[in-house]
Each structure stands twice: as C-alpha cells, then as structure tokens.
Amino acid sequence: MSFICKITFNTKTLLDMKVKLNDLKMDPSSPVLPATVLERTALRLGCNPTDKKLALHLDEEDELKHLRECFCIPKVKDLPPTDLSLVDGEESCVYFAGNSLGLQPRKVKTYLDEELDKWARTGVHGHFNGQRPWALADECILDLMTELVGAQRHEVALMNGLTVNLHLQMLSFFKPTPRRYKILLEARAFPSDHGEETLRIEDILAVIEKEGDSIAVILFSGVQYYTGQLFDIPRITKAGQEKGCFVGFDLAHAVGNVELHLHDWGVDFACWCSYKYLNSGAGGLAGAYIHEKHSQNIKPALIGWWGHEFKTRFLMENKLQLSEGINGFRLSNPPILLVCALQASLEVFGQTTMKALRRKSILLTSYLEYLIKHYYNEDKKNPEKPFVKIITPSRTEERGCQLTLSFSLPIKTVFKELEKRGVACDMREPNALRVAPVPLYNSFHDVHRFIEILGSAITSSKQTANNTALSGSY
C-alpha cells in the first residue's frame, strides 16, 4: 500500500559603468540585480529601458548570439494560426515554446541522411561501422549529456522515453514497508497555506521533517512545468536523505534550462526527456541517472538484454551478467534516428557551457519580466486597464527561463490573438500562458517584439470582451 503526500538605484555612478552580460553573476547575494543591469545599460545608451535600442544593444553584446544560427527559426507565414493580414509573413516568428518543443537544430537533417544512406548502402553492417555505429550510438554522445546534468559517465543512460524511465526507476527505488510507505511529490501549482501560487522551500522542508520517517521516496520536478518554479534540488535532497528517504527528480523542464550537479548534490535518481530544452524533436530519446553509490544495491525490476554486460551480450549464453548501475536498466538497442537528432542539439550545447547559457537566460527572462511589469502591472486606480500577473517566482534563483502569466482578460482570446500575430507560446488551463525565451536561440529583440505584439493582442482581446459584453446586454 502506498500513500501520496501533496505539498501542495543610486544613479550617482551609473554613467561610469559599462555593463556586459558577463557582469551578471549567478550568486544570489550579488548586489547587481538584472533590472539594475538593464537600467544602467539603458542610461549609458541614452534611452529608456523599454526602448528597442536596448534590446538591439544587448543582442550585439551577447557572446552567444551565434548559436541562434544553429537552429531553424520558423517563418511567421508557416505557423498555421497566423493571420497574414495582421503581420509580415516573411519575418521569423517569436518562438517562446521551447519549454514544450525545442526548435530543430540545423544539423539534424544531415545526420539523419548520413544514417539513412549508411543503412541503404551497408545494411546490417551499420551496427558496428561508421562514425555512429548503431549498437553504440547512444554512447557516442553520452559525454555531452553527462556534462549538462553534472554526472559521471557511468551514472547516465540514454534510453526510452521519460515516462518509461520514471516507471523503471520507481519500481526499483519505491519498496514500501509497513513503516515507510509514502511518496512525497508536489501537486500542480498547489498553493501553500499562505495563499501563494508556488511552493516555499521552508514548507517543503517542514513536511519532509514531519513526515520523513514514513516516506520511502521523495519525487519532485526540478522545474515545475506549470509555474516555472525551480526547486532547490540540493536542499531537498539533503533533507530527504537525512530522514532516510530516496530522493529523485523529474528534470524534464530543468535539463538544458538550469545548471545541474546531480552527482555532487548526491541525488539518488533522476530522469528527463530531451525534446524540450534539449531540442531533439517530438518523442526524442530520454535520459536517466542513478548515483554511483547505488551501483551495487539498486537493481532493475524489469530486465532487457541491453542491460547485459557488453563484453558477453552477443554470446547469447542465457546467463545474465547485469551491468552495474543505470546501465543495467537499459532494455534494448538505441534508436539511431533519435540519437542523430539529439546529437545535433547536444553539439550546440557543447559550443558553450550551462553557466554561460544560464547567465544569458537570467538577463533574458528578467528583461521580459521588466517589460511586462512596466506595461501591464495591475493599476488599482484604473480598474479598466488590462493587467498581467506573473505566477513564476521573481527571484532568479527560483526559476528557469519560463514565465507563467495570467491575465485579467480571457486567456483563450489573448492566446489566439498572439498566435494570429506569429507568436508561438503555450496555454495551459485554467488561466496560464507559458512563455519561455530560450538562451540558445532567442534574442532580446524577440522579447521586445513579444511585448509589442502582446500589446496588440491585449487591445484586440479587450475589444472582443467589450463587444461580447455589449451584445449580452441587449
């Protein structure tokens, strides 16, 4: 039997300062906040922080701007919901849906064609020949993946889909006893006792302290998909393990989005998909991690032949020699076409570091937050003015690149008007719009364009709401 617990600016020196993206540090105690960086830079440029000039300058200073060229950016005209009477169809769209499906890396087609050609020319010999031997293809890109999640090579496997991997890991880590039989997880946007949209780390730790002796497994997301909240993985891990719990994380919205150090943090297990921030395409090859400390004691409940030691795997002796750790959880040979797509993306990540991407991401999302608050904060003195509420935490160390927004206007109308104008983002019931400026391929100009388009969308949505109200009064 199991039981689920739900937790549920001083201007005196500004002109003397030249601020570059590298000046923004991850250190939460840094006195230089993103909003201050924006204001100081705008002042030096002689413009308002809301001006397009600032966005273009930030893009010019961006040391990662070349990475955008590694991706296919859809044209506005090619997005099905676009209304070409409202926009220039030849422009690139504003793609803020990387938290749902990442853009296609340009090298994907090349790599796919290489393997299709090898298959056509060599047939079965492709298993152990070429740059990407099919039987070993996942291992060819393993180092790139382990770098992103902060793990040892032998702690990570590329296999299956996220849900499959989560089931496989829970089957091995969740072993309920009469004393330990609970699973602790977060509910979607479950409010705390203080009426907040997100969860406070103090509340999470308090539940672990109170219930920990009866909890078998703590399973949290790294970044909450709905609110965009980044959980404090090391603190949750430490607190759970001190109470004797296994601690695992679903990193679907964290990998490729924030810095991860799974091995050093001592996380017991984790899994993730690769089609969001890792840009491997819909249904892409997923990843799984088990800390090396469990290599001897945690075994798979379901066993496939690919979990057999490689040296004797093909002898077919019907005598299992199970690989240690996560490699013992592998079920079957890697899907080469999925490996190709993931390789193309991981190689782009390999051109930089997560630290550099995170530094840009903090300023990029903070710029979006700054403009939203400037234009669309709630005005109590003007109740007719449409406003936008940001659900995602304002502290940069408590979020990734995503902001989740709610509107005073009907969300479906706003979303539809944005889509008609060439914006790709994501609406979630009941009243949330998820927008994710991704540092690999999004620009500061993208953010500025989004705010301009949002203004048009809100104006149109308000007119629609007014017309509906008028028609209902007759």
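Predicted model, so just to flag it, every value in this text is computed and none were measured.

Novice: Any chance you could break down the overall build of the chain for me, citing the residues and the numbers?
Specialist: Counting its regular elements, the chain contains 14 helices and 13 strands. Over its C-alpha trace the chain gives a radius of gyration of 24 Å, about what one expects of a compact globule, namely 23 Å for 474 residues. With respect to the principal axes defined by its C-alpha atoms, the chain has extents near 75 × 60 × 60 Å. Accessible area of the chain: about 21,600 Å², with a carbon and sulfur share of 53%.

Novice: So what's going on with a nonpolar patch on the surface? Residues and values would help.
Specialist: On the surface, a nonpolar cluster with roughly 520 Å² of combined accessible area is contributed by Phe 128, Trp 305, Phe 310, Phe 314 and Met 316. Its location among the elements puts Phe 310 in helix α10 (residues 310-313).

Novice: Residue-level account of helix α12 (residues 354-376), with values.
Specialist: Each α-helix turn comprises 3.6 residues. Residues three or four places apart therefore point the same way. For α12, built from 23 residues, the straight-helix expectation of 33 Å at 1.5 Å per residue is met to within 8% by its first-to-last C-alpha distance of 32 Å. Summarising burial for α12: 18 of the 23 residues are buried, a large majority.

Novice: Mind laying out the packing of aromatic side chains, listing which residues take part and the relevant values?
Specialist: Throughout the structure, instances matching the rule amount to 14 aromatic pairs. With a centroid separation of 4.5 Å and 25 degrees between ring planes, the pair formed by Phe 173 and Phe 269 is classed as stacked. Of the two residues, Phe 173 sits in helix α6 (residues 162-173) while Phe 269 sits in strand β7 (residues 269-272), which places them 96 residues apart along the sequence. In this structure Phe 173 comes out as buried when scored by relative accessible area, which is 1%. Since its relative accessible area comes to 0%, Phe 269 is described here as buried. Judged by centre distance (6.2 Å) and plane angle (70 degrees), the ring pair of Tyr 225 and Tyr 226 falls under edge-to-face. Accessibility expressed as a relative area gives 28% for Tyr 225, which makes it partly exposed. The exposure class assigned to Tyr 226 is buried, which follows from its relative accessible area of 5%. Linked through ring pairs, Phe 128, Trp 305, Trp 306, Phe 310 and Phe 314 together constitute an aromatic cluster.

Novice: Residue-level account of helix α1 (residues 34-45), with values.
Specialist: Taking 1.5 Å per residue, 12 residues should reach 16 Å; α1 reaches 17 Å between its end C-alpha atoms and fits that length. Residues of α1 that are buried include every one of Pro 34, Thr 36, Val 37, Leu 38, Arg 40, Thr 41, Ala 42 and Leu 45, and no others. Buried residues in α1 make contact with α2 (52-61) and α12. Phi turns positive, to about 75 degrees, at Gly 46, one or two residues after α1.

Novice: Explain the pattern of salt bridges residue by residue, including any values.
Specialist: Counted under the stated rule, the structure contains 30 salt bridges. The partner of Asp 138 in a salt bridge is Arg 330, and the shortest N-O contact between them spans 2.8 Å. Of this pair, Asp 138 sits in helix α4 (residues 137-140) while Arg 330 sits in the loop between α10 and α11 (336-349), and the two are 192 residues apart along the sequence. For the pair Asp 138 and Arg 330, one class covers both residues: buried. Where salt bridges share partners, they join Glu 114, Glu 115, Lys 118 and Arg 132 into one cluster.

Novice: Describe in detail the environment of Leu 230, supporting the description with residues and values.
Specialist: Of note, Leu 230 is situated in the loop between β5 (215-221) and α8 (233-242). Residues Leu 230 and Leu 199, 31 residues apart in the sequence, show an inter-C-alpha distance of 9.9 Å. Look past the residues within four positions of Leu 230 in its chain and what remains in contact with it is Gly 222, Val 223, Val 258, Arg 358, Glu 397, Glu 398, Arg 399 and Gly 400.

Novice: Outline the state of the cysteines, listing residues and values.
Specialist: In total, this model carries zero disulfides according to the counting rule given. Considering cysteine sulfurs only, Cys 425 is the nearest to Cys 93, which forms no disulfide, with 11 Å between them. Lacking any disulfide linkage, Cys 340 is separated from the closest cysteine sulfur, that of Cys 140, by 10 Å.

Scoring rules and cut-offs
Residues numbered from 1 in each chain as written. Predicted model: local features only at pLDDT ≥ 70, side-chain atom pairs only at ≥ 80, totals over all residues. Heavy atoms only, no water. Helix = DSSP H or I, 4+ residues; strand = E, 2+ residues; numbered from the N terminus. Rg over C-alpha atoms; globule rule 2.2 N^0.38 Å. Areas by Shrake-Rupley, 256 points an atom, 1.4 Å probe, with all protein chains shown as cover. Patch = residues over 30% accessible without salt bridge, like charges linked within 9 Å, V, L, I, M, F, W, Y side chains within 5 Å. Salt bridge = Lys/Arg side-chain N within 4 Å of Asp/Glu carboxyl O. Expected span 1.5 Å × (residues − 1). Buried < 20%, exposed > 50% of the residue type's maximum accessible area, 1.4 Å probe, protein only. Phe/Tyr/Trp six-rings, centres within 6.5 Å; stacked < 30°, edge-to-face > 60°. Contact = heavy atoms within 4.5 Å. Disulfide = S-S within 2.5 Å.

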